[in-house]
Amino acid sequence: MAGIIDTIKLAGTLVFALPAAMAGIQFLIDGNTLVGAILVTLAVLLVVIQHHMTTPSDLPELAAKRVVGSVVSEPESEDEDRDIVDVTPEDERK
């Protein structure tokens, strides 16, 4: 379910970031490099910050992941439970 929520958050961020980036690219093409570079940089920063920033609404999800991670441990593989027995072929026994 977190994947759907993250996708919706990204879509909401892109609603603001894409027009700024497109305007910045247009300014760059027209020769106004300072304004164009600033707009493109702001658009990229908006998406990056949204992806990495933790908001108060994310705290219950993070707490739940930590609790589940500490309670549920991954089962050990079956190979570790078995005793290893060294069996030499009959030809080597003679």
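Residues numbered from 1 in each chain as written. Predicted model: local features only at pLDDT ≥ 70, side-chain atom pairs only at ≥ 80, totals over all residues. Heavy atoms only, no water.

## With respect to the overall build of the protein chain
When helices and strands are counted, the protein chain shows 5 helices and 0 strands. Traced from its N-terminal end to its C-terminal end, the protein chain shows the element sequence α-α-α-α-α. Across the protein chain, every contact between residues at least 6 apart in sequence was considered, and the portion connecting residues at least 24 apart equals 42%. Total accessible area computed for the protein chain in this model is approximately 8200 Å², and 66% of it derives from carbon and sulfur atoms. (Helix = DSSP H or I, 4+ residues; strand = E, 2+ residues; numbered from the N terminus. Contact = heavy atoms within 4.5 Å. Areas by Shrake-Rupley, 256 points an atom, 1.4 Å probe, with all protein chains shown as cover.)

## Examining a nonpolar patch on the surface
On the surface, Phe 27, Leu 34, Val 35, Ile 38, Leu 42, Leu 45, Ile 49 and Met 53 cluster together into a nonpolar patch covering about 720 Å² of accessible area. When residues in the nonpolar patch are grouped by element, the largest group, 6 residues, is from helix α2 (residues 33-52). You can see Ile 38 is positioned in helix α2. Judged by relative accessible area, Ile 38 falls into the partly exposed class, the value being 44%. (Patch = residues over 30% accessible without salt bridge, like charges linked within 9 Å, V, L, I, M, F, W, Y side chains within 5 Å. Salt bridge = Lys/Arg side-chain N within 4 Å of Asp/Glu carboxyl O. Buried < 20%, exposed > 50% of the residue type's maximum accessible area, 1.4 Å probe, protein only.)

## Regarding the UniProt feature "transmembrane region" (unreviewed entry) in the protein chain
Per the UniProt record, "transmembrane region" (unreviewed entry) is annotated on residues 33-49. Between the C-alpha atoms that bound residues 33-49 the distance is 24 Å, and the span itself is 100% helix and 0% strand. (UniProt positions renumbered as here; feature names shortened; annotations may be inferred.)

## What about the environment of Val 48?
Here Val 48 shows up in helix α2. Classification of Val 48 by relative accessible area gives partly exposed; the value is 40%. Each C-alpha atom of the pair Val 48 and Thr 13 lies 9.9 Å from the other, and the pair is 35 residues apart in sequence.

## What to know about the confidence of the model for the protein chain
Averaged over the protein chain, the pLDDT score is 80; the fraction of residues at 70 or greater is 67%. Mean pLDDT in the protein chain bottoms out at helix α4 (residues 78-81), which sits at 55, and peaks at α2, which reaches 93. (pLDDT = per-residue confidence, 0-100.)

## Some details on the environment of Leu 39
On the secondary structure map, Leu 39 appears in helix α2. A relative accessible area of 22% means that Leu 39 is categorised as partly exposed. A sequence separation of 20 residues divides Leu 39 from Pro 19, and the C-alpha atoms of the two residues are 9.4 Å apart. With sequence-adjacent residues up to four places away left out, Leu 39 is seen in contact with Ala 20, Ala 23, Gly 24 and Phe 27.

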